[in-house]
Each structure stands twice: as structure tokens, then as C-alpha cells.
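Fold and contact review
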Amino acid sequence: MEENQSGSSQGAESMEDNPRRNFLKQSTLLTAIALTPAAAVKAAENHLDEKVAAVFEKMPVTIEINGKVHHLSVEPRTTLLDLLREQLDLTGTKKGCDYGQCGACTVHVDGHRVNACLTLAVMTDGKKVTTIEGLAKGEELHPMQEAFIKHDGFQCGYCTPGQIMSAVACVREGHAGSEAEIREYMSGNICRCGAYPNIVNAIMEVKAGGQQV
Amino acid sequence: MKQFQYVRPSTQQNVIAAIAQPGTKIIAGGSNLVDLMKHGVMSPDKLVDINKLPLKHITQGKNGVHIGALALNSQVAEDQIIKDHFPLLSMALNAGASAQLRNMATVGGNMMQRTRCPYFYDVAMPCNKRNPGSGCGALEGFNRMHAIFGQSDKCIAVHPSDMAVAMAALDATVTVVGRKGERRIAFTDFHRLPGDHPELDNNLAKDELILGVDIPANNFAKHSYYLKVRDRASYAFALVSVAAALDIDNGIIRSARLAMGGVAHKPWRLTNAEKALAGKPATTANFEQAAQIAMQGARAYKENEFKLKLAPASIIEALNHAAGLV
Ligand SMILES: Cc1cc2nc3c(=O)[nH]c(=O)nc-3n(C[C@H](O)[C@H](O)[C@H](O)COP(=O)(O)OP(=O)(O)OC[C@H]3O[C@@H](n4cnc5c(N)ncnc54)[C@H](O)[C@@H]3O)c2cc1C
Ligand code: SF4
Ligand code: FES
Ligand code: FES
């Protein structure tokens, strides 16, 4: 089967000079045969409006990340979290549990907070993604970032990017009405350092400030 | 995660054709399927992304509400029609998962989510649901979360969905479509008991797609309550949950709806208790009697015996809340 490199952000990468992909190819060769790639290609031809990625194919996707449009090519199994961290070097978004349980990987997709670790990157094709790197306007920090600093909303800081992305969403969603409501709507973000009281204070202050977040 | 093919058809017809092929799975929000694929519990050869289908709408008609299969859990929970007329569903959805996950989770995906039994998740352990015939690790093992109703000696897992418990209580129907056309399934018949085939969670055929759910109009909006008992204050699966809905007129219960989560392989509707409540005054004493009736036939294991006490207490508490007595 042909490796589809067209439209790839990593156009220089070929099968020969990438040992990992070579290994993948060999290790899953049997599956590949069973899957009759020809049929997949034919399916692609039959439904031109559909995107089809065969087993070793990368899919061309267009994703706007922090205001910048990226034309990328991704393996279907790549999560948004791995795309951000490994392909795009946007390491602000953290990998905690990798299974949707801790919230460290929280980003906004089309304005809604989601767990990037359970999101397939191909499924964000055509969407807008905002990560912690996209919150500040140049040198000027986002009000939530300011509030986290002011209220000591972090200790080790590992969970902080996810907390802040969730906190911004929490206010935008209208769920920062009381301390109890904030705690409930921030419960998808786990902090091992136990910075919760200060995080709640930071959110309450931003909410009370009434700024555009 | 194993490599797989990915397609994103834009018509229902193409989705149905695609899912009929072996090794294929639908993906909606991905919050359950991607998790299971990362754990190696499920390893489809091909994913069919259905997000191009127009199945996101929530529409109110004279006879009730229709909710598209791709409506998000957060969208449904916050929807004004749902909040006004079916608050039980809003409460159940908001009790499930986290705000991030509810933004990913769809109605179709939520009812199709698989059990959280730890042996099902651990591919090194025996599990009849994951690997039919391999045995059940939970039967003699860590079974604190497991079933007390409707289980078999092949599987004692519970269905983890909160939304489904409310749907079952509200007499919802599921509309599905396959190669032979559309059909409707009562929500209470959608999920299966394990019997000899715990690998089958529900009665959806391999080539069928869920289009949406209909909930008939009712008089329960004023007296509904979803109670979820869990190990942490929030963001954990239910040990036991209760969906309670009452139609009360002048202190008398005209009709009642009751379902439990975390106790069976499917949302567990308590029809005998509902019948016992109909026509009676809405009092705690009557709720206690209903709870007793509801518990008939319950059977526990070494580590989940506490559910035999927790479940009836939860029923009484949920009914008290629904009736406005607490
Ligand atoms: C950490 C964590 C905590 C959670 N806590 C809770 C909780 O407390 N309560 C709760 O109820 N849930 C909880 N969930 C589960 C969550 O609600 C489900 O993962 C979610 O609802 C699944 O929806 P989805 O659209 O993401 O499904 P997907 O992952 O996309 O799909 C799930 C399954 O449904 C099938 N499917 C999807 N749509 C259709 C359709 N239209 N027709 C036919 N088949 C379809 C897929 O093939 C797949 O098998 C939790 C999940 C996580 C990760
Ligand atoms: S209870 Fe069911 S899901 Fe859990 S190990 Fe036994 S067979 Fe598997
Ligand atoms: S890394 Fe995504 S939720 Fe933990
Ligand atoms: S600040 Fe350390 S994990 Fe939250």
C-alpha cells in the first residue's frame, strides 16, 4: 500500500527513514492483508465527499489551533493530546492519566472544553482548538491566568493548564455562580497537590470581576 | 492503540453499509470507545465517524420530545425543553462524568457505553463479557460495584449509565435504523440481562444505527429526583442511583416511575413498587413499603452486600425528595 504523504506537514518523512513506522508496518502486516486495502481505496472513490483513511494512511486535516490554521496529516489513532504535544510541540496541555479521568489535558474545541486524551485528532478536522498557549494575548495574561497567580492556584503546576482551561469554560458556561457550583463543575480536573480552595477563589474573583473571559 | 481505518460518511445509507462490515464500530463522541481501544479491550479494524449525520437536534412535539442520537449530554442537560419538562433527565445527565466528558458524550454513545467492571477493563483477567467462555473474574473477586438484580453466573456486571436510568423511568423509546429499515425499541427493552450471553449488552443489531430517543409527555416534572450515591461527592460512577418521578394530585400519587442504576446489567425499572405507590398518599411510610417491594429478589456477593441496605435507603430518599418531603 502507498504511504500517503501528500499535504503532510512532515513531507520529508518517508517509510525508509522512519524506523517506527517501518516497525508498525511489519507488526501489523497481517491485519493489513485481512483488511483488503483495495476495498478501502474503492470506498474512497465511491464516496468522494467522505474522508477515508486506510490502515497506514495519514489523513489530511485542517485544524485551527490558537488562531493559526494548520494543515496536517495524522494517523487516525493519534489523539488530539498527542498531536498537540508531540507533533506541534504545544506542551502546555498536560498528559496526566491519558484516560479521561484527571482533566490535565483539557482544551477547548469549538469553544467547548473536552478531554484531548480521548479525542481523536482526525475528528477535530475543520474545528477550532484553543490550548493554554492560546489564552494570553501576547504578553498580556488572560484574567484567569492572573487570578491563578494571585490566589496561589497551583503548587507543582502540573494540573494548572487543564484547570485554567476548565475554569474559563466554567465561567463561560455560567456555572461559576457559587462555591458549590464551581466545585461541582471543576470536578473533572484533579489536583494532586490539593490546590482546590485557591483555584475556587481564583474563579470566584474572575466571575465577580465580570471581565470578558 | 492498534491501527485502524477511519471513514466519515455523510449519509445514513453509507453509515449503515459501512457498519455492516465485520470489525467495524461506530464512533460518536469517542469518550468510551477511545478509552476501551487504548486499554486494548476493543480493537476495531475500522471506525465509522457518524458526526456528519444531522442527529443533534432536540425537538418538542405535542406528544413529547425527540432527542437526536448525536445530541451531547451537556446540550441535553442544559436544554430548556428538557429542564422544564423532563428535569429528571437533566439531573441524571449532570450527575454523570465531568463537564468535559459531557461535552463529548452523545446520547447514542451514552446508552451504548460498556460496563466499568475492572475485570472487563483488564485484558489479562478472565471475563465472559470481553472474552466469552473465559470465566468471570468478579464472581469471586472484587465485586463491590456489581449487580444485585438480574445477574447470571456468567456475569454480574452493571450498566454504568446515569442517563439510561432516567430514560428507562420516563418510558422512552429508541429509534434505530438498519438495512431492513427503521424500528422502535422501548428503552426498558434496549439493554439485555447477561444470561448466557454477557458479551451482548443490548438488542441493537450489528448493522443498526441509533437515530434518537423519544420521551412521551408526562406529569412528572414537578416531582422528579435523581439520586446518585457514589464514593466521592462527584465525578464517580454510581454505587446505586435512583430515578424517581411522581405525579401527585392533592397529596395522592396518581402514578409513579422508579428505576435504579448500579444494581443490574441494565437500568432496573421497579414496576412492582410503582404499582404499589399508585393511588396512595405521598408519605415516607408508603415510600418505605415501596422500597421493600422493590428489593424482592435481590442477591448480593461478598463485597457488595452493603447494596442490599443502600438500595432501599436510596429509593426512600429519592422518593422523599421527589415528593418534596425533605
Ligand atoms: C472518566 C469517566 C467517567 C465517566 N463517568 C460517567 C458517569 O458517572 N455516568 C455515566 O453515565 N457515564 C460516565 N462516563 C461515560 C460517558 O458518559 C460515556 O463515555 C459517553 O456517554 C459515551 O458517549 P460517546 O458519544 O462518547 O460514545 P463513543 O465512545 O463514541 O461510543 C460508545 C459506543 O456507542 C456506540 N455508538 C455511539 N453512537 C451510536 C449510535 N448512534 N448508534 C449505534 N451505536 C453508537 C459506539 O460504537 C461505541 O460502541 C464516564 C466516562 C469516563 C471516561
Ligand atoms: S462481571 Fe461480567 S464484565 Fe465483569 S468480569 Fe464478570 S463477566 Fe466480565
Ligand atoms: S490526561 Fe486526559 S483526562 Fe487525564
Ligand atoms: S498543582 Fe500540582 S497537581 Fe495541581
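Predicted model only: the values in this text are computed from it and were never measured. (Residues numbered from 1 in each chain as written. Chains lettered and ligands numbered in written order. Predicted model: local features only at pLDDT ≥ 70, side-chain atom pairs only at ≥ 80, totals over all residues. Heavy atoms only, no water.)

1. So, helix α12 (residues 284-294) of chain B
Residues and elements named next belong to chain B. Our working definition: Burial status follows relative accessibility: with a 1.4 Å probe on protein chains alone, a residue under 20% of its type maximum counts as buried, one over 50% as exposed, and anything between as partly exposed. Secondary structure elements follow DSSP: runs of H or I no shorter than four residues count as helices, runs of E no shorter than two count as strands, and numbering proceeds from the N terminus. Within this analysis, the arc is defined by the directions that extend from the helix axis to the C-beta atoms. Should any heavy atoms of two residues lie within 4.5 Å, those residues are considered in contact.
For α12, the set of buried residues is Asn-286, Phe-287, Ala-290, Ala-291 and Ala-294. Projected down its long axis, α12 carries its buried residues within an arc of 145°, all on one side. Exposed positions of α12 whose direction lies more than 90 degrees from the buried face are Ala-285 and Gln-292. Tucked inside the fold, the buried residues of α12 contact β10 (240-249), β11 (252-261), α11 (271-277) and α13 (307-323).

2. Details of the nonpolar core
Which entries qualify depends on this criterion: Here, nonpolar core means buried Ala, Val, Leu, Ile, Met, Phe, Trp, Tyr and Cys residues that are tied together by side-chain atoms lying within 4.5 Å of each other.
In terms of nonpolar packing, the biggest core is built from 53 residues, with Ile67(B), Val76(B), Leu89(B), Val107(B), Met111(B), Met167(B) and Ile215(B) touching the most fellow members. Membership of the second largest hydrophobic core comes to 47 residues, among which are Leu83(A), Val114(A), Leu33(B) and Leu36(B).

3. Quick look at the packing of aromatic side chains
The line we're drawing: Aromatic rings from Phe, Tyr and Trp, taking only the six-membered ring of Trp, are treated as a pair when their centres fall within 6.5 Å; an angle between ring planes under 30 degrees marks them as stacked, one over 60 as edge-to-face, and anything in between as tilted. A ring is considered to have a charge above it if a Lys NZ or an Arg CZ atom is located within 6 Å of its centre and within 35 degrees of its normal.
Tallied over the full model, the rule gives 3 aromatic pairs over all chains. Each ring, one from Phe149(B) and one from Trp268(B), has its centre 5.2 Å from the other, and the planes form 15°; the classification is stacked. Separated by 119 residues along the polypeptide, Phe149(B) in the loop between α8 (118-121) and α9 (163-169) and Trp268(B) in strand β12 (residues 268-269) bring together distant segments of the chain. For Phe149(B), a relative accessible area of 2% corresponds to the buried category. When the ring centre of Tyr99(A) is taken as origin, the NZ or CZ atom of Lys38(B), which lies over that ring, is 5.9 Å away.

4. What to know about the confidence of the model for chain A
To keep things clear, this is the line we draw: Confidence of the prediction at every residue is given by pLDDT, a number between 0 and 100.
Across chain A, the average pLDDT comes to 82, with 74% of residues at 70 or higher. Scored below 50 in pLDDT, residues 1-49 of chain A makes 53 contacts in the model with residues more than four places away or belonging to other chains.

5. Concerning the pattern of salt bridges
Formally: Here, a salt bridge means any side-chain nitrogen of Lys or Arg that lies within 4 Å of a carboxyl oxygen of Asp or Glu.
Under the definition given, this model contains 24 salt bridges over all chains. A salt bridge links Asp35(B) to Arg116(B); the nearest nitrogen and oxygen atoms lie 3.5 Å apart. Highlighted residues: Asp35(B) in helix α2 (residues 33-38) and Arg116(B) in the loop between α7 (107-112) and α8, separated in sequence by 81 residues. Judged by its relative accessible area of 1%, Asp35(B) is buried. Across the salt bridge formed by Arg184(B) and Asp214(B), the nearest N and O atoms sit 3.6 Å from each other. One end of the pair, Arg184(B), is in strand β7 (residues 181-186); the other, Asp214(B), is in strand β8 (residues 209-216), and 30 residues separate them in sequence. We classify Asp214(B) as buried; its relative accessible area is 17%. Bridged by salt links that share partners, the residues Asp82(A), Lys95(A), Asp98(A) and Lys38(B) form one connected network.

6. A closer look at the sheet that holds β8(B)
Two modes of strand pairing occur in sheets, parallel and antiparallel, and in both the strands are linked by backbone hydrogen bonds. Residues and elements named next belong to chain B. Using the following cut-off: Here, any two strands with at least 2 DSSP bridges between them count as paired. All axes here are fitted lines through C-alpha atoms, helices being fitted over the stretch that makes contact, and every angle between N-to-C directions spans 0 to 180 degrees.
An order of β4-β5-β8-β6-β7 is seen for the 5 strands of this open sheet, with the pairing classed as antiparallel. Edge positions in the sheet fall to β4 (58-61) and β7, since each has one partner strand and no second. Neighbouring strand axes in the sheet, compared pairwise and without regard to direction, differ in orientation by 20° on average. Two elements, β4 and strand β5 (residues 64-68), share 4 bridges in a ladder whose sense is antiparallel. Note that in β5 the partner of Thr-59 across the bridge is His-66.

7. So, the site of ligand 1
Counted only if it meets this: For this description, a residue counts as near a given molecule or strand if any of its non-hydrogen atoms is within 4 Å of it. Polar contacts here mean pairs of N or O atoms no more than 3.5 Å apart (in protein, one a potential hydrogen donor and the other a potential acceptor; neighbouring residues in sequence count only if both atoms are side-chain atoms). Only the protein chains shown count as covering a residue, and every accessible area follows the Shrake-Rupley method with a 1.4 Å probe. Side-chain classes follow a simple rule in which Ala, Val, Leu, Ile, Met, Phe, Trp, Tyr, Cys and Pro form the nonpolar group, Asp, Glu, Lys and Arg form the charged group, and the remainder, Gly included, forms the polar group.
Around ligand 1 there are 37 residues in total, and Ile26(B), Gly30(B), Ser31(B), Thr106(B) and Asp162(B) lie nearest to it. Lying at an intersection of chains, ligand 1 is approached by residues of chains A and B. Contact distances for ligand 1 include 2.6 Å between an oxygen atom and a side-chain N or O atom of Thr106(B). The contact in question runs from an oxygen atom of ligand 1 to an N or O atom on the side chain of Lys228(B), over 2.9 Å. When the free accessible area of ligand 1 is taken as 980 Å², the share hidden by the protein chains comes to 97%. Going through the elements one at a time, β2 (24-27), α7 and β8 of chain B are the ones with two or more residues in the shell around ligand 1. In terms of residue count, α7(B) provides more of the shell around ligand 1 than any other element does, 4 residues in total. Tallied by class, residues from the shell around ligand 1 come to 19 nonpolar, 14 polar and 4 charged.

8. Overview of the environment of Ser74(B)
All names here are of chain B. The topology assignment puts Ser-74 in helix α3 (residues 73-78). Remark: the alpha-carbon pair of Ser-74 and Cys-136, spanning 62 residues in sequence, is separated by 35 Å. Ignoring anything within four residues of it in the chain, the contact list for Ser-74 reads Arg-102 and Asn-103. Within polar-contact distance, the side chain of Ser-74 engages the side chain of Asn-103 at 2.7 Å.

9. Looking at unusual backbone geometry
A positive phi angle is found at Asp152(A), which is not glycine, with a value near 55°. Phi at Tyr235(B) takes a positive value of approximately 55°, unusual for a residue other than glycine. Secondary-structure assignment places Tyr235(B) in the loop between β9 (224-229) and β10. Classification of Tyr235(B) by relative accessible area gives buried; the value is 9%.

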